[in-house]
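# Per-entry structural report
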Amino acid sequence: MIKTDPRTPRMGQMLHLRGNALDKGDPVALPLTQSSMFHLPDAPEDHATYGRVDNPTWVHLEHVLSHLEDAPCLSFPSGMAAISAALFATVEAGSHLLVPSDGYYVTRLLADRFLSRLGVVVEERPTTAFSEGGFDGFDVVFVESPSNPGLDMIDLPAVATAVRNSGGITIADNTTMTPLGQRPLDLGVDVVVSSDTKAMGGHSDMLMGHVASRDAAIMERVAEWRKVSGAIPGPHEAWLLHRGLETLDVRFDRMCASAQVLAERLSSHPAVKQLRYPGLPNDPSHALALAQTNRFGFLLSLTLESETKADAFINACPLLRPATSFGGVHSSAERRARWGDDVDPAFVRLSVGCEPVEELWQAIEVSLNAL
Ligand SMILES: *Cc1c(COP(=O)(O)O)cnc(C)c1O
């Protein structure tokens, strides 16, 4: 198995991908190309043609994303647009699709409300029992590891191998880990999808997503889907994501390191009934996390005594934004049951941001002690 150290020189190379290809006088920062038309006399050859097909700002963003994923990459206007592209590019009427029953719920909605109506046979399994029953007959197996919000993990190499041996492909949603934390393609998965709205962008100011795969035929279908469906990123969002990626390494490093500190302290706080963080040695995901991730991530979940106490904790803490979504520089938290996730009403998903950890801990501790 290939393990990539998140502090590899490749992150340095990433910051200079554009710089090393510049001509004298070119701007060092990425220009934002806000244009639907391109000046195209005569044969179009290799030039940008039209804004639904090409955009120089996306092209550079995708160069950076490809560098991070070590695979060809296409960007999309949201994580769900990327997931839709990966699924519409790989299923057809009669295909059997397996999705996790406890993963990101909109993926299940897409499968149940749209794909199944087009003749795709959709099945669901919980992450903790994902391999039970094997993968015979499945054309596409969609995985999410760690699952959002439960933080359960799947043995990605084992599942990817089993699915391939029975003739299917695997698609992994790697949103919670980013390519710095986990590299599903190196673990044998065929396609990676990500919501770059979260830690990749990192500033909670835009929505974006991407699809990456080393399978050229799949990427060709994904590109065709984007062009034909019109699910294209706005140039400004592409520019913002590119800017966010320039600091991904430092942000992710800080967020994961702080999450470990907070998890250790929260696990012995009397107000916390249950805590999940893959970096804790007694966490059910710890062994898989050690085997297949580079970091333990920035998400943790804690279950408090009651729904009321959970809300009080979140709302009283001045360094926690009571907001859905995660992965931003600002720590945030929410009770997932408010969206119908199958979790305890007092279950709180906490996304650790970039605040200095001692200041953050102090605010969290004061808020917990007041319950
Ligand atoms: C947020 C999220 C998505 C959807 O991403 P959007 O950018 O909101 O469309 C998909 N998968 C996971 C795991 C997510 O957290």
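What you see is a predicted model; the values in this text were computed from it and never measured.

### Points about the domain arrangement of the chain
- Structurally, the chain comprises domain 1 (11-245) and domain 2 (249-369).
- Here domain 1 and domain 2 have C-alpha centroids that lie 26 Å from each other.
- Listed by partner, the interface residues are 31 residues for domain 1 and 30 residues for domain 2.
- Looking only at domain 1, the three residues that lose the most surface to domain 2 are Pro-149, Leu-151 and Met-153, adding up to 26% of its buried area.
- Counting only elements with at least two residues in the side of domain 1 that touches domain 2, the list comes to α5 (156-165), α6 (178-181) and α8 (235-245).
- Here the side of domain 1 that touches domain 2 takes 3 residues from α6, the largest share from any one element.

### Quick word on the pattern of salt bridges
- For the coordinates displayed, the defined rule picks out 16 salt bridges.
- The closest approach of N and O atoms between Arg-295 and Asp-253, which form a salt bridge, is 2.7 Å. Of this pair, Arg-295 sits in the loop between α10 (286-292) and β9 (299-303) while Asp-253 sits in helix α9 (residues 248-266), and the two are 42 residues apart along the sequence.
- For Arg-295, a relative accessible area of 13% corresponds to the buried category.
- Across the pair Glu-334 and Arg-336 runs a salt bridge, and its minimum N-O distance is 2.6 Å. For the pair Glu-334 and Arg-336, one class covers both residues: buried.

### Quick look at the site of the ligand
- Around the ligand there are 15 residues in total, and Gly-79, Met-80, Asp-173, Thr-197 and Lys-198 lie nearest to it.
- With respect to the ligand, the side chain of Ser-195 contributes an N or O atom lying 2.8 Å from an oxygen atom.
- In the environment of the ligand, an oxygen atom lies 2.7 Å from a nitrogen or oxygen atom belonging to the side chain of Lys-198.
- Surface burial for the ligand is 93%, taken as the share of its 380 Å² of free accessible area covered by protein chains.
- A majority-of-atoms criterion places the ligand in the largest pocket.
- Per element, the largest residue contribution to the shell around the ligand is 3 residues, and it comes from helix α3 (residues 79-88).
- Of the residues that constitute the shell around the ligand, the class distribution is 6 nonpolar, 6 polar and 3 charged.

### A closer look at α3
- The buried fraction of α3 amounts to 9 of the 10 residues, a majority that puts the element mostly inside the structure.
- Within the sequence span of α3, burial applies to Gly-79, Met-80, Ala-81, Ala-82, Ile-83, Ser-84, Ala-85, Ala-86 and Leu-87.

### Comments concerning helix α7 (residues 216-229)
- An ideal rise of 1.5 Å per residue puts 20 Å on 14 residues; α7 measures up with 20 Å between its terminal C-alpha atoms.
- Three or more residues of α7 are buried, namely Ile-218, Met-219, Val-222 and Arg-226. With its buried residues spanning 95° around the axis, α7 presents them on a single face. Opposite the buried face of α7, at more than 90 degrees from it, the exposed residues are Ala-216, Ala-217, Glu-220 and Val-228.
- Tucked into the core, α7 has its buried residues touching α2 (56-69), β1 (73-76), α3, β5 (169-173), β6 (191-195) and β7 (209-213).
- For α7, the N-terminal cap is Asp-215; the gap from its side-chain oxygen to the backbone nitrogen of Ala-217 is 3.0 Å.
- Positive phi shows up at Gly-230, right after α7, with a value of about 80°.

### A closer look at the nonpolar core
- Grouped together as the largest cluster of nonpolar side chains are 30 residues, with contacts concentrated most on Leu-61, Leu-68, Met-200, Leu-241, Leu-245, Leu-248 and Phe-298.
- Per-element accounting of this core gives the leading share, 5 residues, to α2.
- Each of domain 1 (11-245) and domain 2 (249-369) contributes no fewer than three residues to this core.
- Look past the residues within four positions of Leu-61 in its chain and what remains in contact with it is Ser-75, Met-208, Ala-238, Leu-241, His-242 and Leu-245.
- Counting residues in each nonpolar core, the second largest holds 28 residues, with Leu-110, Val-120, Val-193 and Ala-231 among its members.

### Quick word on the pairing of β5
- In terms of burial, β5 is largely enclosed, as 5 of its 5 residues are buried.
- Burial of the side chains of β5 extends over both faces: Ile-169, Ile-171 and Asp-173 are buried on one face and Thr-170 and Ala-172 on the other.
- Across 5 bridges, strand β4 (residues 140-144) lies against β5 in parallel orientation. The residue bridging Val-143 from the neighbouring strand is Ala-172, located in β5.
- Handedness of the crossover joining β4 and β5 through α5: right-handed.
- As defined by bridge partners, β5 adjoins β6 across 3 bridges and the pair is classed as parallel. Residue pairing in the sheet places Ala-172 in a bridge with Val-192 of β6.

The rules behind these values
Residues numbered from 1 in each chain as written. Predicted model: local features only at pLDDT ≥ 70, side-chain atom pairs only at ≥ 80, totals over all residues. Heavy atoms only, no water. Domains from an automatic or database assignment. Contact = heavy atoms within 4.5 Å. Buried area = accessible area lost by both parts, 1.4 Å probe. Helix = DSSP H or I, 4+ residues; strand = E, 2+ residues; numbered from the N terminus. Salt bridge = Lys/Arg side-chain N within 4 Å of Asp/Glu carboxyl O. Buried < 20%, exposed > 50% of the residue type's maximum accessible area, 1.4 Å probe, protein only. Near = heavy atom within 4 Å. Polar contact = N/O pair within 3.5 Å; in protein donor to acceptor, adjacent residues only side chain to side chain. Areas by Shrake-Rupley, 256 points an atom, 1.4 Å probe, with all protein chains shown as cover. 1 Å grid on protein atoms, 1.4 Å probe; cavity = no way out; pocket = protein on both sides within 12 Å on 5 of 7 lines; lining within 4 Å. Sits in = over half its atoms within 2 Å of the grid points. Nonpolar A, V, L, I, M, F, W, Y, C, P; charged D, E, K, R; others polar. Expected span 1.5 Å × (residues − 1). Arc of directions from axis to C-beta. Core = buried A, V, L, I, M, F, W, Y, C linked by side-chain atoms within 4.5 Å. Pairing = 2+ DSSP bridges. Right-handed = clockwise from strand over helix to strand, strands pointing away.

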